[in-house]
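One-letter residues, chain by chain:
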Amino acid sequence: MTGKEAGLTLMELLIALAVAAILTSVAYPSYQAAVGKVRITDSQRRLQESITAAMRYALRTRRHVVMCPSLDGSSCVGGSDWSSGWISFVDLDRDRERSPEEPLVGSPAKPAERIRVTSNTGRPRIAFRANGTNPGSNATFTICDPGSRAAAAALIIANSGQLRRSSSGTNLRCEQTH
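Rules of the game
- Residues numbered from 1 in each chain as written.
- Predicted model: local features only at pLDDT ≥ 70, side-chain atom pairs only at ≥ 80, totals over all residues.
- Heavy atoms only, no water.
- Helix = DSSP H or I, 4+ residues; strand = E, 2+ residues; numbered from the N terminus.
- Rg over C-alpha atoms; globule rule 2.2 N^0.38 Å.
- Buried < 20%, exposed > 50% of the residue type's maximum accessible area, 1.4 Å probe, protein only.
- Contact = heavy atoms within 4.5 Å.
- Lys, Arg positive; Asp, Glu negative; His and termini not counted.
- Charge placed at Lys NZ, Arg CZ, Asp CG, Glu CD.
- Polar contact = N/O pair within 3.5 Å; in protein donor to acceptor, adjacent residues only side chain to side chain.
- Phe/Tyr/Trp six-rings, centres within 6.5 Å; stacked < 30°, edge-to-face > 60°.
- Pairing = 2+ DSSP bridges.
- Axes fitted to C-alpha atoms, helices over the stretch in contact; angles between N-to-C directions.
- Expected span 1.5 Å × (residues − 1).
- Bend = angle between axes of the 7 residues up to and from the residue.
- Core = buried A, V, L, I, M, F, W, Y, C linked by side-chain atoms within 4.5 Å.

**Q** Now, about the overall build of the chain: what can you tell me, with residues and values included?
**A** Per the secondary structure count, the chain includes one helix and seven strands. Walking the chain from its N terminus toward its C terminus, one meets helices and strands in the order α-β-β-β-β-β-β-β. The C-alpha atoms of the chain give 24 Å as radius of gyration, which overshoots the globular expectation for 178 residues (16 Å, by more than 25%). When the backbone C-alpha atoms are referred to their principal axes, the chain occupies close to 95 × 35 × 30 Å. By the burial criterion, 35% of the 178 residues in the chain qualify as buried. Nonlocal contacts in the chain, meaning residues at least 24 apart in sequence, comprise 57% of its contacts between residues at least 6 apart. Where the 22 positive side-chain charges of the chain centre and where its 15 negative ones centre are 8 Å apart.

**Q** I'd like a rundown of the side chain of Ser119, residues and numbers included.
**A** Tracing the chain through its elements places Ser119 in strand E3 (residues 116–119). A relative accessible area of 6% means that Ser119 is categorised as buried. Here Trp82 takes part through its side chain, which lies 3.1 Å from a polar atom of the side chain of Ser119. Apart from the residues within four sequence positions on either side, Ser119 is in contact with Ser80, Trp82, Pro124, Thr140 and Phe141.

**Q** Please give an account of the packing of aromatic side chains that cites residues and values.
**A** Taken as a whole and assessed by the stated rule, the structure comprises two aromatic pairs. Note on Tyr28 and Tyr31: the rings are 6.4 Å apart at their centroids and 40 degrees apart in plane angle, and the pair reads as tilted. In this pair, Tyr28 and Tyr31 are both assigned in helix H1 (residues 10–61), three residues apart and thus about one turn of the helix distant. Residue classification places Tyr28 among the partly exposed positions, given a relative accessible area of 47%.

**Q** Outline the sheet that holds E3, supporting the account with residue identities and numerical values.
**A** On the basis of which strands lie adjacent, the open sheet formed by four strands has the order E3-E5-E6-E7 and antiparallel pairing. Two strands bound the open sheet, and with one partner strand each, they are E3 and strand E7 (163–166). Taking each pair of neighbouring strands and ignoring which way they run, the sheet shows an average axis angle of 15 degrees. In this structure, strand E6 (residues 153–157) lies alongside E7, joined through four bridges in antiparallel fashion. Bridging across to E7, Ala154 finds its partner in Ser166.

**Q** Describe H1, with residues and values.
**A** With 52 residues, H1 should reach 76 Å at 1.5 Å per residue; the first-to-last C-alpha distance of 74 Å fits that figure. Of all the bends in H1, the largest measures some 30 degrees and sits at Ala27, one to four residues before the proline Pro29. Burial in H1 covers these residues: Gly36, Ile40, Ser43, Gln44, Leu47, Ser50, Ile51, Thr52, Ala54, Met55 and Ala58.

**Q** Could you give an account of the pairing of strand E5 (residues 139–144), with specific residues and numbers?
**A** Among the six residues that make up E5, five are buried, leaving the element largely enclosed by the rest of the structure. The sheet contact formed by E3 and E5 spans four bridges and is antiparallel. Looking at E5, one finds that Ser119 is bridged to Phe141. Alignment of E5 against E6, held across five bridges, turns out to be antiparallel. Following the sheet pairing, Thr140 is matched in E6 by Ile156.

**Q** I'd like a description of the nonpolar core, backed by residues and values.
**A** Note that soluble globular proteins tend to have their nonpolar side chains buried in a common cluster. Formed by 25 residues in total, the largest nonpolar core has its most connected members in Leu47, Ile51, Met67, Ile126, Phe128 and Phe141. Counting residues per element, the ones that place at least two in this core are H1, strand E1 (65–69), strand E2 (86–90), strand E4 (126–128), E5 and E6. Counting six residues, the second largest nonpolar core, distinct from the first, contains Cys68, Cys76, Ile87 and Ala127.

Next comes the structure, spelled out in structure tokens:
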């Protein structure tokens, strides 16, 4: 054989592999945080759309409407974890529990995959009066991705029905599931 052989030496290949590993280890957490932020924003939008639809339905029909966390898309569950989804229904008997004769308002909804949604303690259900307002204290929903470094976000609903979005500047924490 004459001349220089074409190809890579083992040392060149190892150096290239080490550089690729370093770049991947630096870029992956940022990528994961970006994906988490997109999921959080999408889930915040889904929840806001459901709240707005329930409030508008209460106003339009002059009926009481309740939103609550749901595991099966047809009944309410207790607690403040909305991560499995939620429903809205016309509360004909005003007991804040869905009976079979009480119609759903819209379709059951849920957050994006791996997203955790919790309401503040004491607000396991959001009830809208016939005038669109909701009794009780303001309700705050914290929306986060426990598997990423993405900042949590919040959706706050005032008694008047007014919605406000909030982001990481409010010192929100992502609670882990038990």
